[in-house]
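One-letter residues, chain by chain:
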Amino acid sequence: MRKKFPENFYWGAATSSHQVEGGNVNDWSEWEKTNAKRLSEEAKKRWPDWQKEKFPEMFQEKNYISGRACDHYNLFEKDFEIAKSLGHNAHRFSIEWSRIEPEEGKFNEEAIEHYRQVIQSLKSRNIEPFVTLWHWTLPIWMRDLGGVKSKKFPKYFSRYVEKMAQVFGQDVKFWITLNEPNIYTGQSYVIGCWPPQKNNVVFYYQVIKNLIKAHKQSFNIIKNINPQAQVGIAQSYNFFEFLGGKIINKIVGKVVGYVWSLYFLDRTKKQQDFIGLNNYYRKTVGFKSKKTDNKFSNLSWEIFPEAIYHCLMDLKKYQKPIYITENGLADVEDKYRAEFIKSYLTNVQRAIQEGVDVRGYFYWSLLDNFEWDKGFWPRFGLVEVNYQTLERKIRPSAWEYKKIIENNSLD
Ligand code: BGC
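Quick notes on the rules
Residues numbered from 1 in each chain as written. Predicted model: local features only at pLDDT ≥ 70, side-chain atom pairs only at ≥ 80, totals over all residues. Heavy atoms only, no water. Pairing = 2+ DSSP bridges. Helix = DSSP H or I, 4+ residues; strand = E, 2+ residues; numbered from the N terminus. Axes fitted to C-alpha atoms, helices over the stretch in contact; angles between N-to-C directions. Contact = heavy atoms within 4.5 Å. Patch = residues over 30% accessible without salt bridge, like charges linked within 9 Å, V, L, I, M, F, W, Y side chains within 5 Å. Areas by Shrake-Rupley, 256 points an atom, 1.4 Å probe, with all protein chains shown as cover. Salt bridge = Lys/Arg side-chain N within 4 Å of Asp/Glu carboxyl O. Core = buried A, V, L, I, M, F, W, Y, C linked by side-chain atoms within 4.5 Å. Buried < 20%, exposed > 50% of the residue type's maximum accessible area, 1.4 Å probe, protein only. Near = heavy atom within 4 Å. Polar contact = N/O pair within 3.5 Å; in protein donor to acceptor, adjacent residues only side chain to side chain. Nonpolar A, V, L, I, M, F, W, Y, C, P; charged D, E, K, R; others polar. Phe/Tyr/Trp six-rings, centres within 6.5 Å; stacked < 30°, edge-to-face > 60°.

Visitor: I'm lost on the sheet that holds strand β2 (residues 90-94) in this one. Help?
Guide: The pairing of strands in a sheet comes from backbone hydrogen bonds and takes either a parallel or an antiparallel form. Around the barrel, eight strands lie side by side as β1-β2-β3-β4-β5-β7-β9-β10; this closed barrel has parallel pairing. Pairwise comparison of adjacent strand axes, ignoring direction, gives a mean angle of 25° for this sheet. Looking at chain direction, β2 and strand β3 (residues 128-132) are connected through five bridges and run parallel. Its bridge partner lying in β3, Ala 90 is registered against Glu 128. Along the sheet face, helix α10 (residues 201-225) touches β4 (174-179) and β5 (230-236) and points at about 155° away from the line of β5. Sitting on the sheet, helix α12 (residues 306-315) touches β7 (274-278), β9 (322-326) and β10 (358-364), and the angle it makes with β7 is about 160°.

Visitor: Help me understand a nonpolar patch on the surface in this model?
Guide: Together, Val 201, Tyr 205, Ile 247, Ile 248, Ile 251, Val 252, Val 255, Val 256, Tyr 258 and Val 259 make up an exposed nonpolar region whose accessible area comes to about 880 Å². Among the secondary structure elements, those contributing two or more residues to the nonpolar patch are α10 and α11 (247-268). With eight residues, α11 is the single largest residue contributor to the nonpolar patch. Within the secondary structure layout, Val 255 lies in helix α11.

Visitor: Can you walk me through the nonpolar core in this structure?
Guide: For soluble globular proteins, the rule of thumb is that nonpolar side chains tend to be buried together. Counting residues in each nonpolar core, the largest one holds 129 residues, and the members touching the most others are Trp 97, Trp 134, Phe 157, Trp 175 and Leu 312. With nine residues, the single largest contributor to this core is α10.

Visitor: Can you walk me through the environment of Cys 193 in this structure?
Guide: Mapped onto the secondary structure, Cys 193 falls in the loop between α9 (181-191) and α10. Note: C-alpha distance between Cys 193 and Ala 43 (150 residues apart in sequence) is 14 Å. Non-local contacts of Cys 193, meaning those with residues more than four positions away in its chain, are made with Trp 31, Gln 187 and Asp 373.

Visitor: Would you explain the site of the ligand in this entry?
Guide: Surveying the vicinity of the ligand reveals the residues Gln 19, His 135, Trp 136, Asn 179, Glu 180, Tyr 280, Trp 301, Glu 326, Trp 364, Glu 371, Trp 372 and Phe 380. Side-chain polar atom of Trp 364 to an oxygen atom of the ligand: 3.2 Å apart, as the coordinates give it. Here the ligand has 310 Å² of accessible area as a free molecule, and 93% of this is covered by the chains. Broken down by class, the residue content of the shell around the ligand amounts to six nonpolar, three polar and three charged.

Visitor: What's the story with the packing of aromatic side chains in this structure? I'm lost.
Guide: For any pair of aromatic rings, the description rests on two quantities: the centre-to-centre distance and the angle between the ring planes. One pass over the full model with this rule turns up 44 aromatic pairs. Ring plane angle 65° and centroid distance 5.3 Å describe the contact between Phe 130 and Tyr 323, whose orientation is recorded as edge-to-face. With a gap of 193 residues between them, Phe 130 in strand β3 and Tyr 323 in strand β9 connect regions that are remote in the sequence. When sorted by exposure, Phe 130 lands in the same class as Tyr 323, which is buried. When the ring of Tyr 280 is compared with that of Phe 380, the centres are 6.3 Å apart and the planes differ by 80°; the resulting orientation is edge-to-face. Highlighted residues: Tyr 280 in the loop between β7 and β8 (282-285) and Phe 380 in the loop between β10 and β11 (383-385), separated in sequence by 100 residues.

Now the structure itself:
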C-alpha cells in the first residue's frame, strides 16, 4: 500500500534564533561567558569514551560560546535557498526577543525590519513561516527583573507578543508562543543546569504558572489582531516506558508522564488551535534496564520510532490538528539520519491512519547548531555547517527526505 500523507501537508525543518543566528546578547550569551570553562572541564565525566574520541571539541571552551553560531542572521537567504532546493514548503524559526526589545519598552526597528525580511524571504519561496515567539532566551533586562519566575513575566512577554502580532500579523498564519515550557522549567529551575540554575521544585510550579498565563494572554492578543491566525505551543512529549511489569511502576509512570508532559496542555487546551509536538526518543524507567539492539544517537538518545506513534495516539484525545514541530537526531556521520526520518514517518503515518490529524513535520534541524549547554559538537543538521568557514554542505539524508516530500509518501 502506498503510504500517502494528507494533501497540503507541511514539510520542512526547524531552527531557533539563539542556536543559529549568532551575535545575540541575552541571558544565555551572558551565562555562556561564565560557564564555558566549567562545561569544557565537566565533559570529561559527562560523556562516555567513544564520544570523547569522536568529538574532541567538547573539551574546548569555545565549544560552549554561541558566538557567531551559523551566522544565520546574515546568511538566512542562502539557508532558505537550500531549504527550497530540498523541497521544503514550510519552515519553523524563532524571533529573538532580546533583539526586538533590547531595552525594556523600547522596540528596535532594525530588528523588526530584519524579521520582516526573513518572513518575506520565506514567503517569496512559497515556504510557509511557522514563527516561535520564545525559544528560551530572555533579554538581559527581563533576566534582571527575575526572568520567567517573576510575576511581571506574563505582562512583559505579552507586550512583546502584541508588538509582533501587530507588525507581522498579516503575513504570519502559524504562531508558536512558547517552546517546550516543561523542558525549560525542568532544566532551568529544577535540575538547575541551565540559566538561572535554580534547584527548587516549588519554582517549577511558579514558572509553569507564569508560562501558562503568558501563553493564554498571547493567544488572545494574536487572535484579536488576526482571527485567522493559528496559535499553539511546541510541547516536548517523549515516550516514557516504565519497566518491570509492576502495577506501581505503571501508576508512577502515568502520574509522572501526565505532570511532565500533559499538564500544560490540559491547562491551556482552550487556547490552543493546534498542538506542536517535539518528539525525540523513548526513555525507559524502572528497576531493571531493558536490553535493546536499537541504535543510539551521538547524544546517546535511543532511536525508537514507535515512540512517536504512542505519543501521537495519546494526543488524539485533544482533537486538535497536530504539527510535529521537532524530530531529529545528532548524527555527525549521517549514518542513521535517513533511516531515522523514514522510520519515524512510518509511525506518523500509522497514527494518521488511526485517525490522528497530523498536518506537518519539521525535522530538527535545518542546520547544525548550538546545542545549549552541550555547545556545538552534537550535529543535528540536514545541512552540515563548518563553523570556521561558515560553509554549508547538504548531507545525503537531506536528499532522502526530499524524495519523501516530493512523493508526499513513504514509497
Ligand atoms: C529543543 C531544541 C534542541 C533540541 C535537541 C529541543 O528540546 O527545542 O532547541 O536543540 O531539542 O536537543
